[in-house]
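# What the coordinates show
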Amino acid sequence: MAFWETIDAQLRNTGFRPVNHKPNWYWRTENPVLYLVCLLDGRAEGAVWREESMTFSGFAKSMENRLEEFFCTRVVALSVLVDKAGEKWAVDTVESGENTYTYEEKLHRVFWHFSTETAKVEAAKGQPDKIIGIEKLLAAAALGKAAEVLVLRDTQEQKKPVATAVIFAICMLLLAVTSFAPGGYELIINYGLSAEGIDRGEYYRFLTSMFLHSGIMHLASNGVYLYYFGVRSEKLLGTGRFLLLYLLSGICGGLLSVFLGDGYGISIGASGAIYGLLGAMLILTKKRGPRYTGMNYSTMLFLAATAILLGFFEPNVDNLGHIGGFLGGMAGFFLFFPRKKKGTVDK
């Protein structure tokens, strides 16, 4: 039973959810694909697991008609026969007429045989043997590796994201001062990030610059990302670790900007810190699926790549600060998202 308990934990901890009243059936969305997985116990009589496979096929067909509910366009339904030594079930099933993996229909059926002794997948002829890392989870479970468990706060019980709101309020207040108060622009000169200021030992600029903005549109664009990623990050991490991640990301963005930049001008804005939140959430989504971040990995990766690439074509954008913050946030993920000790299970 160790394999079955471990693979259950592995799948759940990467964003798969169990299908109600169906042991060893799971589902997960990775837009635009709805993934369905059925693990068949090869130790049972052949008629038993073959019947379950056909039942699963019917379930997959029914889900094809519900794709719009999951904001998906196609279904990949994977049946995995576990521990049936020498069984050519996958090939036999395909040849017997069950739907196979094609790109012409909305429903794609995939058949695997998996041996817990060799920890290897055998796919039916012409079908893929790698699907969003499921093959790795099977191998890890066969080798007895405990599922990686991140310690996350219960977002339903977590208090309101006060730190995110305070950060935005400070940015709004400073924008009002720099825009309307007499001599307000001097705040940007004195506290914005500049290579010359850092050379003079004014290291506080790494911190203060991330709360200053050049205009209402600058703050509004950052505010949208701060709301989406900041609220989620603070709820998952708690206020203290969220602030550490935010500040670390902003400082990393400032460091890259200063040491690799052209040395001219003043850089301001929360973008570096916000890109850090994006980087941390990207890794979280890769490891745990979209259930915590509300966005699947491919979409978030596209968002990050597009945002960084566009920075190279827009004038007056400190893209090095964005990249530095993004990398700092990815590093911060491994610092501020603690893990349970090996052997523990989180369901």
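For the rest of this paragraph, the subject is a nonpolar patch on the surface. On the surface, Ile 251, Leu 255, Phe 259 and Leu 260 cluster together into a nonpolar patch covering about 390 Å² of accessible area. In this structure, Phe 259 sits in helix 10 (residues 239–260).

Let us now look at the layout of surface pockets. Of the voids in this model, the largest pocket is the one considered here, and its volume is about 940 Å³. Lining the largest pocket are 41 residues, with Ser 267, Asn 316, Val 317, Asp 318 and His 322 sitting closest to its centre. Going through the elements one at a time, helix 9 (216–237), helix 10, helix 11 (271–288), helix 12 (297–311) and helix 13 (319–336) are the ones with two or more residues in the lining of the largest pocket. Here the element with the most residues in the lining of the largest pocket is helix 10; it accounts for 5 residues.

Once that is clear, we can look at the sheet that holds strand 5 (residues 107–115). Strand order in the open sheet formed by 6 strands is 1-2-3-4-5-6, with mixed pairing between adjacent strands. Each edge of the open sheet is held by one strand with a lone partner, namely strand 1 (17–18) and strand 6 (120–123). Alignment of strand 1 against strand 2 (residues 25–30), held across 2 bridges, turns out to be antiparallel. Residue pairing in the sheet places Arg 17 in a bridge with Trp 27 of strand 2. Sitting on the sheet, helix 1 (residues 2–12) touches strand 1, strand 2, strand 3 (33–41), strand 4 (74–82) and strand 5, and the angle it makes with strand 3 is about 175 degrees.

This part takes up the environment of Met 63. Tracing the chain through its elements places Met 63 in helix 2 (residues 46–64). Between the C-alpha atom of Met 63 and that of Arg 74, which follows or precedes it by 11 residues, the distance is 9.4 Å. Setting aside anything within four residues of it in sequence, one finds Met 63 in contact with Leu 34, Leu 36, Phe 70 and Val 75.

Rules of the game
- Residues numbered from 1 in each chain as written.
- Predicted model: local features only at pLDDT ≥ 70, side-chain atom pairs only at ≥ 80, totals over all residues.
- Heavy atoms only, no water.
- Patch = residues over 30% accessible without salt bridge, like charges linked within 9 Å, V, L, I, M, F, W, Y side chains within 5 Å.
- Areas by Shrake-Rupley, 256 points an atom, 1.4 Å probe, with all protein chains shown as cover.
- Salt bridge = Lys/Arg side-chain N within 4 Å of Asp/Glu carboxyl O.
- Helix = DSSP H or I, 4+ residues; strand = E, 2+ residues; numbered from the N terminus.
- 1 Å grid on protein atoms, 1.4 Å probe; cavity = no way out; pocket = protein on both sides within 12 Å on 5 of 7 lines; lining within 4 Å.
- Points joined across faces, edges and corners; volume = space filled by probe spheres on them.
- Pairing = 2+ DSSP bridges.
- Contact = heavy atoms within 4.5 Å.
- Axes fitted to C-alpha atoms, helices over the stretch in contact; angles between N-to-C directions.

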